[in-house]
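This is what each chain is made of:
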Amino acid sequence: MNKTSWAEPFKIKMVEPLAITTREQRMSAVAKAGYNTFLLPSELVYIDLLTDSGTSAMSDRQWAGLMLGDEAYAGSRNYYHLEDAVKRYYGYQYLVPTHQGRGAENILSRILIKPGDIVPGNMYFTTTKLHQELAGGTFVDIIVDEAHDTTSNFPFKGNVDLAKLERVIGEHGAERIPYVSIATTVNMAGGQPISLANLRALRDLTGRHGIRIIHDMTRVAENAFMIQQLEGGQGGRSVAEIVLEICSLTDGATMSAKKDALVNIGGFLATNEWEVFEEARNMVVVYEGLHTYGGLAGRDMEAMAIGIQESVQDDHIRARVGQVFYLGKKLLEMGIPIVRPVGTHGIFLDARAFLPHLPQTAFPAQALAAELYIDSGVRAMERGIVSAGRDKNTGDHCRPELELVRLTIPRRVYTQAHMDVVAESVQRVHERRNAITGLRMTYEPRYLRFFQARFEPLTP
Amino acid sequence: MKHRTIIEPFRIKSVEPIGLSTEVERTEHLKEAHYNPFLLRSRYVIIDLMTDSGTSAMSAHQWAGMMEGDEAYAGSRSWERLLAEVQDLTGMAHVLPTHQGRAAERILYGHLGGLGKVFISNTHFDTTRANIEFTGAKAIDMPIVEGRDPTAKHPFKGNMDIGALDRLLKEHTGQVGAVILTVTNNSGGGQPVSMANAEGVAGICKRHGVPFLLDCCRIAENSWFVKHREADKERGSYRQIAQRMFSLADGAVMSAKKDALVNMGGFLALRDGTLAEACTNLLIITEGFTTYGGLSGRDMEALAIGLQEVFDPHYLDYRIRSTTFLGEKLHALGVPLMRPIGGHAVYIDAKALYPHIPPSLYPGQALVCELYRLGGIRSVEIGSVMFGTYLPDGSLEPSAMELVRLAIPRRVYTQSHMEYVAETFEEILRTREQVTGFRIIKEPRFLRHFTAHFEPV
């Protein structure tokens, strides 16, 4: 029998009730939240697709692990379990836990980047780029051009354009490049994977110049699944094997375990270099906590160790990505403009194509996210001009080519029926898209403005 | 009948087995950990008195709260519950959740600090001092004279020297980042601060226009002392006493891993909206979004409940009396220690216990190692390893006191565990003359006590 369905390899053990609200309640809530979905209270949200970060449903084994937390300040046994899991499933030698991914980015950027350094990467990510800049570095995008084209069906839009990297090396010199930053998958490009062949070629190139590769590995298992599905010669390998190979092609990693690793809190920094590890171990005490807990409760390290093991299982990943593809296929059939191919952790609505009558300075993606919430209580996230922030030299808006609304699917949380509700709501909003006016920003914070910025509707 | 025995106002709902070991095994473990208990695996520890931070046993109610955690990234209802609880307790409008206390400190002192700035405290704790010095600012300790003398009798040895504070503020006009009152005063022996002293400090700060902050991680324990030792003054509930102390301050940092009875969590509370906004920017960069700050929803839920439970008078009676129980027992044996006994820990005077070991050979480290070797008891040195500094000629400027802290985790150990600790001290007293000091053979640049390697002399 040829199975096309992706039924979950689990049954539900514990549930959390959802609030059902009226359109009037939602209109007043979104106005109160300054038309920023980040500022909505979660109890007024029906289906929360704001992020897949920290929102996973843990397994019964992980919940049992929570009860096995060893809360000793130093040398907790959960730390050693986590260290084993990171070695075994990711292959990195040295581990420093942190309370979440940005804690690891902060420490690693401070250790490796000197003022004036250049950090090439396969597209920016908000917090990653900010930490690189705060350490005095400048991010340079070396992703393939296809990544910026929402209609291209290229399967590995997370790939690095090696010629671009060679030009950056030629221009600045290898000694000014502390590392190349590689994300699996590329979040801002729409959850797009990098291919193994591209990563191998990148390893060759950086190896010749003595440049490190640092791996932003938050969705590495999903990336590995796409390699297994789409890359020639990889179909017979397990996701776990591919994950190990991806990691082996890099020198160190930062991980937000709140994504792939199926936990609600946690992250780490991993490296194969003893000197980097020693420096990180000293620095983590100042920012996070002693190096055997790094700002995490023992129980959360235990849940992470178990989650890592669960996250690389083929059956789990197949159902995970299958659910995202289910929603993507449905929206495509409805003729909704979305980033193609569908990424692994969410659907990215193309707000430029969705609302072609709005200029980018009217924040089309922000407006669309607000509209979707008003329609059905579905909470999405802007990933466009608001998220991109301002140019640190000119002070003008950065104007990213991609103006997207991200519908991120939490792991193991929502059902197929929930996905149907989402699709229908997007369709309804699409039908009345011409009535949507843009927004005006009324409050703008200095850093990472998308989290707290406030807006009001432009009058038509 | 009026009972003399203080029983725990709870029964045990879930247990965690302790692995027992022999002295021979422990001698080996100690060597492998380079004679630094911070590097010991916790499964080799029998009774872990290293810290009362994050080591509490949560209540059934808190565990139930864990199951109700709302893990939404933004606007979680667990956050709303925590926010309401902290606002009610502190009377401060702006609350920033952090993954633990040092992150709240780093954000606030990072903003207020910098080169040329000065911070004054009754005594800065190790991570507080590191956070302040990391920004280039200077940290000055200003406890009352009695606070520096392990044997002096004073009901509020955690108090700040108000006369000296006034002089310092005049001397450093325009340079003072903040005055921080740590309640209770951890480095100074877990000693309480009186309400009168807090009022005095607040008044002086106001006169000089300097922010007055509370490091409030043990404020419930401090409130117990205020009620019982400043009795003519305080008649309200423990919670009301804490609220009154908060009302004096401009802001507060809390490591919730102490008095909020949780394993992870902290917060920063502020009255001033502009300061809060500046801190919020730093919060988002390194901790997390404003409505979770690097905590899971379930941890915020447990924190909100813990802040309620800790002010239960029966709990506080048990907590303070059980710490005193161990302290008085050791005192009766003739162990030199800080008296009166503090709220969360018993502080042994290692200098008096081992007068033959000079501070440069770290008598506190020697006692910490002996306690582990003889009893599998893990404790922490609060002396020249933690606070010593090197002079330009490379010699050690020792700390004023050489203490070893036996911190009692909340609701975790029983009276028989404490009797086992006391019995180990009998052996320590018997063999005190044979004990030798330690030399540091490897150390990092800051906070060296966490990762330094030692060898016996």
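The coordinates are above.
Focus on the overall build of chain A
Turning to step 1, where the next piece is worked out: Scanning chain A from N- to C-terminus turns up 16 helices and 14 strands.
Turning to step 2, where the next piece is worked out: Compactness check: chain A gives a C-alpha radius of gyration of 21 Å against a globular reference of 23 Å for 460 residues, within 12% of the reference.
Turning to step 3, where the next piece is worked out: For the C-alpha atoms alone, the extent of chain A along its principal axes is close to 60 × 55 × 50 Å.
Turning to step 4, where the next piece is worked out: For chain A, the residues scored as buried account for 65% of the 460 residues in total.
Turning to step 5, where the next piece is worked out: Looking at chain A alone, contacts between residues at least 24 apart form 73% of all its contacts between residues at least 6 apart.
Turning to step 6, where the next piece is worked out: Computed over 49 positive and 54 negative side-chain charges, the separation of the two mean positions in chain A equals 3 Å.

Side note on the interface of chain B and chain A
Turning to step 1, where the next piece is worked out: Taken together, the contacts link 61 residues of chain B with 63 residues of chain A.
Turning to step 2, where the next piece is worked out: With both sides pooled, the region where chain B packs onto chain A buries about 5,000 Å², and carbon together with sulfur makes up 55% of that total.
Turning to step 3, where the next piece is worked out: Sorting the residues of chain B by area buried against chain A places Tyr 73, Ile 285 and Arg 298 of chain B first, and these three jointly supply 13% of that buried surface.
Turning to step 4, where the next piece is worked out: On the surface where chain B and chain A come into contact, there are 5 salt bridges.
Turning to step 5, where the next piece is worked out: Where Glu 16 of chain A meets Arg 77 of chain B, a salt bridge forms, and the shortest distance between an N and an O atom there is 2.9 Å.
Turning to step 6, where the next piece is worked out: At the junction of chain B and chain A, the tally comes to 29 residue pairs in polar contact (both at pLDDT 80 or more).
Turning to step 7, where the next piece is worked out: Contributing elements (two or more residues each) for the side of chain B that touches chain A: α2 (60-67), α3 (77-90), α4 (101-112), α5 (126-134), α10 (273-286) and α11 (297-309) of chain B.

Quick look at helix α14 (residues 363-375) of chain B
Residues and elements named next belong to chain B.
Turning to step 1, where the next piece is worked out: When the terminal C-alpha atoms of α14 are compared, their 18 Å separation across 13 residues agrees well with the 18 Å that a helix rising 1.5 Å per residue should span.
Turning to step 2, where the next piece is worked out: Among the 13 residues of α14, 12 are classified as buried, and the element is accordingly described as predominantly covered.
Turning to step 3, where the next piece is worked out: Every buried residue of α14 is listed here: Pro 363, Gly 364, Gln 365, Ala 366, Leu 367, Val 368, Cys 369, Glu 370, Leu 371, Tyr 372, Leu 374 and Gly 375.
Turning to step 4, where the next piece is worked out: Just past α14, the residue Gly 376 takes up positive phi, approximately 70°.

Observations concerning the pattern of salt bridges
All names here are of chain A.
Turning to step 1, where the next piece is worked out: The final tally for this structure, using the stated rule, is 58 salt bridges over all chains.
Turning to step 2, where the next piece is worked out: The closest approach of N and O atoms between Arg 379 and Asp 48, which form a salt bridge, is 2.8 Å. Separated by 331 residues along the polypeptide, Arg 379 in strand β10 (residues 378-379) and Asp 48 in strand β1 (residues 47-48) bring together distant segments of the chain. A single burial state applies to Arg 379 and to Asp 48, both of which are buried.
Turning to step 3, where the next piece is worked out: Among the ionic pairs, Asp 251 bridges to Arg 203, the shortest N-O distance being 3.1 Å. Taken together, the residues span a long stretch of sequence, with Asp 251 in the loop between α9 (239-248) and β7 (252-256) and Arg 203 in helix α7 (residues 196-209) at a distance of 48 residues.
Turning to step 4, where the next piece is worked out: Asp 251 sits in the buried class, given a relative accessible area of 19%.
Turning to step 5, where the next piece is worked out: Look at Arg 203 and you get buried, because its relative accessible area is 18%.

Some details on the side chain of Gln 323 of chain A
Turning to step 1, where the next piece is worked out: Within the fold, Gln 323 of chain A resides in helix α12 (residues 314-333).
Turning to step 2, where the next piece is worked out: Residue classification places Gln 323 of chain A among the buried residues on the basis of a relative accessible area of 5%.

Things to note about the nonpolar core
Turning to step 1, where the next piece is worked out: If you look at the biggest cluster of nonpolar residues, it comprises 225 residues, and the most contacted ones within it are Tyr 90 and Leu 407 of chain A together with Ile 120 and Leu 214 of chain B.
Turning to step 2, where the next piece is worked out: Core analysis: the second largest hydrophobic core is formed by 45 residues, Val 335, Tyr 362, Ala 366 and Ala 452 of chain B among them.

Considering a nonpolar patch on the surface
Turning to step 1, where the next piece is worked out: Together, Phe 10, Ile 12 and Val 15 of chain A give the surface a local cluster of nonpolar side chains, amounting to about 330 Å² of exposed area.
Turning to step 2, where the next piece is worked out: Take Val 15 of chain A: its relative accessible area is 70%, and that puts it in the exposed class.

Some points on the sheet that holds strand β3 (residues 118-121) of chain B
All names here are of chain B.
Turning to step 1, where the next piece is worked out: On the basis of which strands lie adjacent, the open sheet formed by 7 strands has the order β2-β8-β7-β6-β5-β3-β4 and mixed pairing. Of all strands in the sheet, those with a lone pairing partner are β2 (94-98) and β4 (138-141), marking the two edges. Between one strand axis and the next, the sheet turns by 20° as a mean value, whatever way the strands run.
Turning to step 2, where the next piece is worked out: Across the sheet, α5 lies against β3, β4, β5 (176-182) and β6 (212-215), angled at about 145° from β4, the strand it touches most.

Some details on the packing of helix α12 (residues 313-333) of chain B against helix α16 (residues 415-430) of chain B
Residue and element names in this part refer to chain B.
Turning to step 1, where the next piece is worked out: It is at 10 Å that the axes of α12 and α16 come closest, and there the two elements cross at 25°. Comparing their axes, α16 and α12 come out roughly parallel. The hand of the α12/α16 crossing is right-handed. Judged by residue contacts, Phe 325, Leu 326, Lys 329, Leu 330 and Leu 333 of α12 engage Gln 415, Met 418, Glu 419, Val 421, Ala 422, Phe 425, Glu 426 and Leu 429 from α16.
Turning to step 2, where the next piece is worked out: The residue inventory of the contact of α12 with α16, partitioned by class, reads 9 nonpolar, 1 polar and 3 charged.

Quick notes on the pairing of strand β9 (residues 346-350) of chain A
All names here are of chain A.
Turning to step 1, where the next piece is worked out: Burial analysis of β9 places 5 of its 5 residues in the buried class, the great majority of the element.
Turning to step 2, where the next piece is worked out: The alternating pattern of β9 places Gly 346, Phe 348 and Asp 350 on one face and Ile 347 and Leu 349 on the opposite face, and all of these are buried.
Turning to step 3, where the next piece is worked out: Across 5 bridges, β9 lies against strand β12 (residues 404-408) in antiparallel orientation. Across the sheet, the residue bridging to Ile 347 is Leu 407, located in β12.

A few points about the pairing of strand β9 (residues 345-349) of chain B
All names here are of chain B.
Turning to step 1, where the next piece is worked out: The element β9 is largely enclosed, with a buried count of 5 among its 5 residues.
Turning to step 2, where the next piece is worked out: Neither face of β9 is exposed, since Ala 345, Tyr 347 and Asp 349 on one face and Val 346 and Ile 348 on the opposite face are all buried.
Turning to step 3, where the next piece is worked out: Pairing analysis gives 5 bridges linking β9 to strand β14 (residues 403-407), with the strands arranged antiparallel. When the sheet's bridge partners are listed, Asp 349 is paired in β14 with Leu 403.

Scoring rules and cut-offs
Residues numbered from 1 in each chain as written. Chains lettered and ligands numbered in written order. Predicted model: local features only at pLDDT ≥ 70, side-chain atom pairs only at ≥ 80, totals over all residues. Heavy atoms only, no water. Helix = DSSP H or I, 4+ residues; strand = E, 2+ residues; numbered from the N terminus. Rg over C-alpha atoms; globule rule 2.2 N^0.38 Å. Buried < 20%, exposed > 50% of the residue type's maximum accessible area, 1.4 Å probe, protein only. Contact = heavy atoms within 4.5 Å. Lys, Arg positive; Asp, Glu negative; His and termini not counted. Charge placed at Lys NZ, Arg CZ, Asp CG, Glu CD. Buried area = accessible area lost by both parts, 1.4 Å probe. Salt bridge = Lys/Arg side-chain N within 4 Å of Asp/Glu carboxyl O. Polar contact = N/O pair within 3.5 Å; in protein donor to acceptor, adjacent residues only side chain to side chain. Expected span 1.5 Å × (residues − 1). Core = buried A, V, L, I, M, F, W, Y, C linked by side-chain atoms within 4.5 Å. Patch = residues over 30% accessible without salt bridge, like charges linked within 9 Å, V, L, I, M, F, W, Y side chains within 5 Å. Areas by Shrake-Rupley, 256 points an atom, 1.4 Å probe, with all protein chains shown as cover. Pairing = 2+ DSSP bridges. Axes fitted to C-alpha atoms, helices over the stretch in contact; angles between N-to-C directions. Parallel < 35°, antiparallel > 145°, perpendicular 65-115°, else oblique. Left-handed = near helix turned anticlockwise from the far one by under 90°. Nonpolar A, V, L, I, M, F, W, Y, C, P; charged D, E, K, R; others polar.

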